Amino acid sequence: MLDRIEQFAAGETSILLTGEPGSGREAAARAIHQLSSRRRRPFIPVDCTGSRQPGFETELFGSLGDF
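Anyway, here's the lowdown on the structure attached to this text. Everything numeric in this text was worked out from a predicted model, so none of it was measured.

About the criteria used
Residues numbered from 1 in each chain as written. Predicted model: local features only at pLDDT ≥ 70, side-chain atom pairs only at ≥ 80, totals over all residues. Heavy atoms only, no water. 1 Å grid on protein atoms, 1.4 Å probe; cavity = no way out; pocket = protein on both sides within 12 Å on 5 of 7 lines; lining within 4 Å. Points joined across faces, edges and corners; volume = space filled by probe spheres on them. Helix = DSSP H or I, 4+ residues; strand = E, 2+ residues; numbered from the N terminus. Nonpolar A, V, L, I, M, F, W, Y, C, P; charged D, E, K, R; others polar. Buried < 20%, exposed > 50% of the residue type's maximum accessible area, 1.4 Å probe, protein only. Contact = heavy atoms within 4.5 Å. Arc of directions from axis to C-beta.

This next bit is on the layout of surface pockets. Taken as a whole, the largest pocket holds about 1200 Å³ of empty space. Looking at the largest pocket, it is lined by 35 residues, and the ones nearest its centre are Ile-15, Ala-29, Phe-43, Ile-44 and Val-46. When residues of the lining of the largest pocket are traced back to their parent elements, those giving at least two are α1 (2-10), α2 (25-35) and α3 (56-61). When residues in the lining of the largest pocket are grouped by element, the largest group, five residues, is from α2. A per-class count over the lining of the largest pocket returns 16 nonpolar, eleven polar and eight charged.

Let us look at the environment of Leu-17. One can find Leu-17 in the loop between α1 and α2. For Leu-17, a relative accessible area of 31% gives the class partly exposed. Sequence separation of Leu-17 and Ala-29 is twelve residues, and the distance between their C-alpha atoms is 7.5 Å. Excluding its chain neighbours within four sequence positions, the residues that come into contact with Leu-17 are Arg-25, Ala-28 and Ala-29.

Turning to α2, a few remarks are in order. Of all the residues in α2, the buried ones are Ala-28, Ile-32 and His-33. The arc enclosing the buried residues of α2, seen along the axis, measures out at 135 degrees, which places them on a common side. Among the exposed residues of α2, those pointing more than 90 degrees away from its buried face are Ala-27 and Gln-34. Looking at the buried residues of α2, the elements they touch are α1.

These values are about where atoms sit, not about what they do.
If you want it as structure tokens, here you go:
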């Protein structure tokens, strides 16, 4: 897992971490942030579980229609 965190931190793309409650998503996100070039900017966690508004994920992460 630490190798993956380092890989993600080195990249410039947005990532979406998923998993069960208590699986360590926020801890992994904080680690990625701290190792990234963005570490001097604020870390703002977003809980998407309660936001079932149409287009919410697209607004945050862009369209997946091209994949």
